[in-house]
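Residue-level listing of the chains:
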Amino acid sequence: MKLATWNVNSIAVRLPHLQRWLVDARPDVLALQELKCPVEKFPAQAIAELGYEAAVHGQKTYNGVALLVREGLPWREAARGLPGFADEQARLVVAEVEEPASEAPLVVVSAYFPNGQAVSSDKFVYKLAWIDALASWIERERLAERPFVLMGDFNIAPAPDDTHPDWPQDGILASPPERAAFARLLSLGLVDAFRRFPQPPQSYSWWDYRQGAFRRNLGLRIDHILVSPALLPRLRACTIDVEPRRWERPSDHAPVVLELAPTAETST
DNA sequence: ATGTCGTTTGTAAAACGA
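Residues numbered from 1 in each chain as written. Chains lettered and ligands numbered in written order. Predicted model: local features only at pLDDT ≥ 70, side-chain atom pairs only at ≥ 80, totals over all residues. Heavy atoms only, no water.

Student: Is there a simple way to explain the side chain of asparagine 7 in this structure?
Tutor: Mapped onto the elements, asparagine 7 comes out in strand 1 (residues 2-7). Reaching out from asparagine 7, the side chain makes a polar contact with the backbone nitrogen of asparagine 9 at a distance of 3.0 Å. Among the polar contacts made by the side chain of asparagine 7, one reaches the side chain of glutamate 34 at a distance of 3.0 Å. Leaving out residues up to four positions away in the same chain, asparagine 7 has contacts with Gln33, Glu34, Tyr112, Asp153, Asp223, Ser251 and His253. (Helix = DSSP H or I, 4+ residues; strand = E, 2+ residues; numbered from the N terminus. Polar contact = N/O pair within 3.5 Å; in protein donor to acceptor, adjacent residues only side chain to side chain. Contact = heavy atoms within 4.5 Å.)

As C-alpha coordinates, then:
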(Lines give C-alpha, C1' and ligand atoms only; values in the text may rest on other atoms or scores of the structure.)
Protein backbone atom coordinates (compact mmCIF):
# COMPACT_ATOMS: atom_id res chain seq x y z
CA MET A 1 0.00 0.00 0.00
CA LYS A 2 1.48 3.28 -1.12
CA LEU A 3 0.00 6.60 0.01
CA ALA A 4 1.11 10.08 -0.94
CA THR A 5 0.27 13.75 -0.56
CA TRP A 6 1.00 16.59 -2.95
CA ASN A 7 0.06 20.26 -3.01
CA VAL A 8 -0.12 20.78 -6.77
CA ASN A 9 -0.84 24.56 -6.70
CA SER A 10 -3.53 24.54 -9.44
CA ILE A 11 -4.59 21.24 -10.93
CA ALA A 12 -5.34 22.98 -14.23
CA VAL A 13 -1.72 24.04 -14.62
CA ARG A 14 -0.19 20.94 -13.02
CA LEU A 15 -2.23 18.20 -14.72
CA PRO A 16 0.70 17.16 -16.97
CA HIS A 17 2.93 16.83 -13.90
CA LEU A 18 0.24 14.92 -12.02
CA GLN A 19 -0.20 12.50 -14.93
CA ARG A 20 3.53 11.96 -15.26
CA TRP A 21 3.96 11.40 -11.53
CA LEU A 22 1.01 9.01 -11.24
CA VAL A 23 2.45 6.87 -14.02
CA ASP A 24 5.88 6.84 -12.35
CA ALA A 25 4.88 6.44 -8.71
CA ARG A 26 1.55 4.54 -8.95
CA PRO A 27 0.34 5.34 -5.42
CA ASP A 28 -2.75 3.52 -4.19
CA VAL A 29 -4.06 6.72 -2.64
CA LEU A 30 -2.96 10.28 -3.45
CA ALA A 31 -4.09 13.31 -1.46
CA LEU A 32 -4.06 16.56 -3.44
CA GLN A 33 -4.26 20.13 -2.20
CA GLU A 34 -4.68 23.58 -3.73
CA LEU A 35 -6.66 22.39 -6.72
CA LYS A 36 -7.89 25.97 -7.25
CA CYS A 37 -10.79 24.66 -9.28
CA PRO A 38 -14.48 23.98 -8.71
CA VAL A 39 -15.56 20.34 -8.71
CA GLU A 40 -17.22 20.67 -12.13
CA LYS A 41 -13.88 21.62 -13.69
CA PHE A 42 -11.90 18.86 -12.00
CA PRO A 43 -10.17 16.77 -14.72
CA ALA A 44 -11.84 13.52 -13.64
CA GLN A 45 -11.67 12.05 -17.14
CA ALA A 46 -7.89 12.47 -17.51
CA ILE A 47 -7.41 10.96 -14.06
CA ALA A 48 -9.79 8.08 -14.78
CA GLU A 49 -7.75 7.29 -17.89
CA LEU A 50 -4.79 6.68 -15.61
CA GLY A 51 -6.84 4.30 -13.48
CA TYR A 52 -7.90 6.51 -10.59
CA GLU A 53 -11.19 7.51 -9.06
CA ALA A 54 -11.52 10.74 -7.08
CA ALA A 55 -13.30 12.33 -4.14
CA VAL A 56 -13.17 16.07 -4.79
CA HIS A 57 -13.92 19.03 -2.55
CA GLY A 58 -13.43 21.88 -4.97
CA GLN A 59 -13.62 25.66 -4.91
CA LYS A 60 -13.02 28.41 -7.42
CA THR A 61 -9.72 30.37 -7.21
CA TYR A 62 -8.41 29.11 -3.86
CA ASN A 63 -8.04 25.93 -1.81
CA GLY A 64 -9.64 22.71 -3.05
CA VAL A 65 -8.63 19.17 -2.05
CA ALA A 66 -9.05 15.68 -3.44
CA LEU A 67 -8.30 12.04 -2.77
CA LEU A 68 -7.39 9.84 -5.73
CA VAL A 69 -7.91 6.11 -5.22
CA ARG A 70 -6.43 3.52 -7.55
CA GLU A 71 -9.07 1.62 -9.50
CA GLY A 72 -9.79 -1.75 -7.94
CA LEU A 73 -9.58 -0.56 -4.35
CA PRO A 74 -13.09 -0.30 -2.90
CA TRP A 75 -13.66 3.02 -1.18
CA ARG A 76 -16.28 5.55 -0.21
CA GLU A 77 -16.27 9.26 0.50
CA ALA A 78 -16.85 9.82 4.23
CA ALA A 79 -16.82 13.63 4.53
CA ARG A 80 -16.34 16.78 2.51
CA GLY A 81 -15.24 19.66 4.71
CA LEU A 82 -14.25 19.53 8.37
CA PRO A 83 -17.21 18.03 10.28
CA GLY A 84 -18.57 20.40 12.91
CA PHE A 85 -16.71 23.43 11.57
CA ALA A 86 -18.58 25.86 9.33
CA ASP A 87 -16.01 26.69 6.67
CA GLU A 88 -16.47 28.46 3.36
CA GLN A 89 -13.04 27.23 2.31
CA ALA A 90 -12.63 23.77 0.77
CA ARG A 91 -9.81 22.33 2.86
CA LEU A 92 -10.57 18.75 3.78
CA VAL A 93 -11.94 15.54 2.31
CA VAL A 94 -12.19 12.10 3.95
CA ALA A 95 -12.48 8.63 2.46
CA GLU A 96 -12.57 5.08 3.75
CA VAL A 97 -10.53 2.60 1.73
CA GLU A 98 -10.93 -1.18 1.93
CA GLU A 99 -7.57 -2.87 1.89
CA PRO A 100 -7.24 -6.46 0.69
CA ALA A 101 -7.46 -8.99 3.53
CA SER A 102 -8.12 -6.30 6.10
CA GLU A 103 -10.90 -6.28 8.65
CA ALA A 104 -11.04 -2.52 9.24
CA PRO A 105 -11.14 0.12 6.49
CA LEU A 106 -8.35 2.67 6.30
CA VAL A 107 -9.57 6.21 6.99
CA VAL A 108 -7.64 8.71 4.85
CA VAL A 109 -7.78 12.50 4.97
CA SER A 110 -6.49 15.07 2.48
CA ALA A 111 -6.09 18.34 4.37
CA TYR A 112 -5.03 21.81 3.31
CA PHE A 113 -4.32 23.67 6.54
CA PRO A 114 -4.72 27.47 6.41
CA ASN A 115 -1.49 29.31 5.70
CA GLY A 116 -2.05 31.94 8.37
CA GLN A 117 -0.28 34.74 6.46
CA ALA A 118 1.37 36.39 9.49
CA VAL A 119 1.46 35.67 13.21
CA SER A 120 -1.46 37.45 14.96
CA SER A 121 -3.29 38.29 11.72
CA ASP A 122 -6.97 37.42 11.30
CA LYS A 123 -5.88 34.55 9.05
CA PHE A 124 -3.59 33.29 11.82
CA VAL A 125 -6.50 33.20 14.26
CA TYR A 126 -8.51 31.26 11.67
CA LYS A 127 -5.60 28.85 11.18
CA LEU A 128 -5.42 27.98 14.88
CA ALA A 129 -9.22 27.67 15.14
CA TRP A 130 -9.25 25.37 12.10
CA ILE A 131 -6.58 23.08 13.54
CA ASP A 132 -8.36 23.07 16.88
CA ALA A 133 -11.55 21.93 15.13
CA LEU A 134 -9.58 19.27 13.24
CA ALA A 135 -8.09 17.89 16.46
CA SER A 136 -11.47 17.96 18.18
CA TRP A 137 -13.04 16.02 15.31
CA ILE A 138 -10.29 13.36 15.40
CA GLU A 139 -10.72 13.06 19.15
CA ARG A 140 -14.54 12.98 19.04
CA GLU A 141 -14.58 10.31 16.34
CA ARG A 142 -11.76 8.35 18.04
CA LEU A 143 -9.98 8.17 14.71
CA ALA A 144 -6.61 7.56 16.34
CA GLU A 145 -7.99 4.21 17.52
CA ARG A 146 -8.58 3.10 13.93
CA PRO A 147 -6.23 2.65 10.95
CA PHE A 148 -6.03 6.36 10.13
CA VAL A 149 -3.86 8.56 7.90
CA LEU A 150 -3.96 12.37 8.05
CA MET A 151 -1.97 13.83 5.19
CA GLY A 152 -1.63 17.11 3.39
CA ASP A 153 -0.15 20.56 3.44
CA PHE A 154 -0.09 21.39 7.16
CA ASN A 155 1.58 24.78 6.64
CA ILE A 156 3.60 24.07 9.79
CA ALA A 157 7.26 23.14 10.10
CA PRO A 158 7.04 21.15 13.34
CA ALA A 159 10.63 21.56 14.57
CA PRO A 160 13.73 23.69 13.91
CA ASP A 161 15.19 20.92 11.72
CA ASP A 162 12.16 21.31 9.45
CA THR A 163 13.16 24.81 8.33
CA HIS A 164 16.27 26.02 6.60
CA PRO A 165 18.60 27.66 9.14
CA ASP A 166 17.65 31.28 8.40
CA TRP A 167 13.88 30.85 8.70
CA PRO A 168 12.55 32.87 11.69
CA GLN A 169 11.51 30.45 14.43
CA ASP A 170 8.90 32.92 15.69
CA GLY A 171 7.49 33.68 12.23
CA ILE A 172 4.66 32.18 10.22
CA LEU A 173 4.82 28.41 9.55
CA ALA A 174 7.20 27.89 12.49
CA SER A 175 5.85 29.97 15.40
CA PRO A 176 5.29 28.46 18.88
CA PRO A 177 1.46 28.55 18.63
CA GLU A 178 1.55 26.71 15.31
CA ARG A 179 3.99 24.14 16.68
CA ALA A 180 1.76 23.71 19.73
CA ALA A 181 -1.19 23.07 17.41
CA PHE A 182 0.84 20.42 15.58
CA ALA A 183 1.85 18.93 18.93
CA ARG A 184 -1.80 18.62 19.89
CA LEU A 185 -2.32 16.35 16.87
CA LEU A 186 0.58 14.20 18.08
CA SER A 187 -0.88 14.18 21.60
CA LEU A 188 -3.92 12.37 20.17
CA GLY A 189 -1.56 9.50 19.40
CA LEU A 190 -0.77 10.34 15.80
CA VAL A 191 2.81 9.92 14.59
CA ASP A 192 4.82 11.86 11.99
CA ALA A 193 5.71 9.00 9.64
CA PHE A 194 8.64 10.86 8.08
CA ARG A 195 10.50 11.00 11.38
CA ARG A 196 10.15 7.26 11.96
CA PHE A 197 12.97 6.76 9.48
CA PRO A 198 16.51 8.11 9.08
CA GLN A 199 16.33 11.07 6.68
CA PRO A 200 18.85 13.21 4.82
CA PRO A 201 19.66 16.45 6.67
CA GLN A 202 17.74 19.50 5.46
CA SER A 203 14.83 17.53 4.00
CA TYR A 204 12.10 19.91 2.89
CA SER A 205 8.81 19.65 0.99
CA TRP A 206 8.22 23.29 -0.02
CA TRP A 207 10.44 25.96 -1.51
CA ASP A 208 9.35 29.52 -2.32
CA TYR A 209 9.31 30.30 -6.02
CA ARG A 210 11.35 33.44 -5.31
CA GLN A 211 15.04 34.00 -4.76
CA GLY A 212 16.11 30.70 -6.30
CA ALA A 213 15.01 29.04 -3.07
CA PHE A 214 14.85 25.52 -4.51
CA ARG A 215 18.29 25.73 -6.12
CA ARG A 216 19.71 26.84 -2.76
CA ASN A 217 17.55 24.36 -0.80
CA LEU A 218 15.99 27.16 1.25
CA GLY A 219 12.89 25.16 2.07
CA LEU A 220 10.54 24.04 4.80
CA ARG A 221 9.04 20.65 5.64
CA ILE A 222 5.36 21.57 5.90
CA ASP A 223 3.73 18.64 4.06
CA HIS A 224 3.15 15.70 6.37
CA ILE A 225 1.71 12.23 6.76
CA LEU A 226 0.51 11.44 10.28
CA VAL A 227 -0.55 7.89 11.08
CA SER A 228 -2.39 6.25 13.95
CA PRO A 229 -0.62 3.71 16.20
CA ALA A 230 -2.42 0.78 14.54
CA LEU A 231 -0.38 1.46 11.37
CA LEU A 232 3.04 1.73 13.00
CA PRO A 233 3.94 -1.98 12.56
CA ARG A 234 3.24 -1.59 8.82
CA LEU A 235 5.42 1.47 8.11
CA ARG A 236 8.11 0.61 5.59
CA ALA A 237 9.35 3.97 4.28
CA CYS A 238 8.45 7.63 4.14
CA THR A 239 10.20 9.89 1.66
CA ILE A 240 9.95 13.25 -0.06
CA ASP A 241 10.13 12.96 -3.85
CA VAL A 242 11.91 16.17 -4.89
CA GLU A 243 12.06 15.15 -8.55
CA PRO A 244 8.84 16.88 -9.69
CA ARG A 245 10.10 20.14 -8.15
CA ARG A 246 12.86 20.06 -10.81
CA TRP A 247 10.45 19.72 -13.73
CA GLU A 248 9.57 22.70 -15.89
CA ARG A 249 6.88 24.96 -14.37
CA PRO A 250 6.66 23.00 -11.11
CA SER A 251 4.44 23.19 -8.08
CA ASP A 252 6.27 24.86 -5.19
CA HIS A 253 5.62 21.65 -3.17
CA ALA A 254 7.06 18.15 -3.57
CA PRO A 255 5.10 14.92 -2.97
CA VAL A 256 5.54 13.03 0.30
CA VAL A 257 5.22 9.26 -0.03
CA LEU A 258 4.42 6.57 2.55
CA GLU A 259 4.89 2.84 2.00
CA LEU A 260 2.80 0.52 4.15
CA ALA A 261 3.31 -3.24 4.32
CA PRO A 262 0.25 -5.26 3.32
CA THR A 263 -2.08 -6.11 6.20
CA ALA A 264 -1.37 -9.82 5.73
CA GLU A 265 2.29 -9.33 6.72
CA THR A 266 1.58 -7.57 10.00
CA SER A 267 0.98 -10.57 12.27
CA THR A 268 4.20 -11.23 14.15
C1' DA B 1 15.29 43.38 -4.20
C1' DT B 2 8.75 44.55 -3.11
C1' DG B 3 12.99 39.13 -6.17
C1' DT B 4 7.64 34.16 -8.35
C1' DC B 5 3.57 31.92 -9.35
C1' DG B 6 -1.62 31.24 -10.15
C1' DT B 7 -6.13 33.36 -10.34
C1' DT B 8 -9.39 37.02 -10.87
C1' DT B 9 -11.24 41.10 -12.67
C1' DG B 10 -13.57 47.12 -15.10
C1' DT B 11 -9.58 42.10 -20.80
C1' DA B 12 -4.84 45.05 -18.94
C1' DA B 13 -2.43 45.92 -15.16
C1' DA B 14 -3.17 45.25 -10.51
C1' DA B 15 -4.87 42.95 -6.42
C1' DC B 16 -4.77 38.93 -3.66
C1' DG B 17 -3.04 34.69 -1.64
C1' DA B 18 0.65 31.80 -0.98
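Okay, back to it.
Student: Before we go on, may I ask you to explain the packing of aromatic side chains in this structure?
Tutor: Both the distance between ring centres and the angle between the ring planes are used here to describe each pair of aromatic rings. Summed over the entire model, instances satisfying the criterion amount to 7 aromatic pairs. Relative to tryptophan 130, the ring of phenylalanine 113 has its centre 5.0 Å away and its plane inclined at 55 degrees; by these criteria the two rings are tilted. Separated by 17 residues along the polypeptide, phenylalanine 113 in the loop between strand 7 (106-112) and helix 3 (122-140) and tryptophan 130 in helix 3 bring together distant segments of the chain. Looking at phenylalanine 113, the relative accessible area reads 0%, which means it is buried. Taken together, the ring pairs in this structure connect Phe113, Trp130, Phe154 and Phe182 into an aromatic cluster. (Phe/Tyr/Trp six-rings, centres within 6.5 Å; stacked < 30°, edge-to-face > 60°. Buried < 20%, exposed > 50% of the residue type's maximum accessible area, 1.4 Å probe, protein only.)

Student: Help me understand the protein's contact with DNA strand B, please; the structure alone is not making it clear to me.
Tutor: The immediate surroundings of DNA strand B are formed by 17 residues, with Ser10, Arg14, Thr61, Arg210 and Arg249 found nearest. In DNA strand B, the atoms that sit within 4 Å of the protein are 71% sugar and phosphate, with bases accounting for the remainder. At 2.8 Å, a side-chain N or O of arginine 14 approaches a phosphate oxygen of DNA strand B. Lysine 123 places a side-chain nitrogen or oxygen 3.4 Å from a phosphate oxygen of DNA strand B. Residues of the surface near DNA strand B, tallied by class, amount to 4 nonpolar, 5 polar and 8 charged. (Near = heavy atom within 4 Å. Nonpolar A, V, L, I, M, F, W, Y, C, P; charged D, E, K, R; others polar.)

Student: Teacher, can you tell me more about the environment of alanine 55 here?
Tutor: Along the polypeptide, alanine 55 turns up in strand 3 (residues 52-57). Distance in space between the C-alpha atoms of alanine 55 and alanine 44 is 9.7 Å, their sequence separation being 11 residues. Apart from residues no more than four positions distant in its own chain, alanine 55 is found in contact with Val65, Ala66, Leu67, Trp75, Glu77 and Val93.

Student: Where do I start with helix 1 (residues 11-25) in this structure?
Tutor: Turn by turn, an α-helix covers 3.6 residues, leaving residues three or four places apart pointing in a common direction. Its 15 residues give helix 1 an end-to-end C-alpha distance of only 18 Å, which falls more than 12% under 21 Å, the value for a rise of 1.5 Å per residue. Bending of helix 1 peaks at approximately 35 degrees at the position of histidine 17. Among the residues of helix 1, Ile11, Arg14, Leu15, His17, Leu18, Trp21, Leu22 and Ala25 are the ones counted as buried. Arginine 26 lies just past helix 1 and shows a positive phi near 45 degrees. (Expected span 1.5 Å × (residues − 1). Bend = angle between axes of the 7 residues up to and from the residue.)

Student: Quick question: what am I supposed to make of the sheet that holds strand 13 (residues 235-240) here?
Tutor: Pairing between sheet strands relies on hydrogen bonds along the backbone, with the strands arranged either parallel or antiparallel. Pairing in this open sheet of 6 strands is mixed, and the strands run 3-4-2-1-14-13 from one edge to the other. Each edge of the sheet is formed by a strand with only one pairing partner; in this case those strands are strand 3 and strand 13. With direction set aside, neighbouring strand axes in the sheet form an average angle of 15 degrees. Bridge analysis of strand 1 against strand 14 (residues 256-260) gives 4 bridges, and the strand direction is antiparallel. Residue pairing in the sheet places lysine 2 in a bridge with glutamate 259 of strand 14. (Pairing = 2+ DSSP bridges. Axes fitted to C-alpha atoms, helices over the stretch in contact; angles between N-to-C directions.)

Student: Any chance you could explain unusual backbone geometry here in plain terms?
Tutor: Glycine aside, the phi torsion of most residues is negative, and most peptide linkages are trans. The backbone of arginine 142 sits at a positive phi, close to 50 degrees, despite the residue not being glycine. For arginine 142, the location among the structural elements is in the loop between helix 3 and strand 8 (148-153). Its identity is not glycine, yet glutamine 202 carries a phi of approximately 55 degrees, on the positive side. Mapped onto the fold, glutamine 202 is located in the loop between strand 9 (191-192) and strand 10 (206-207).

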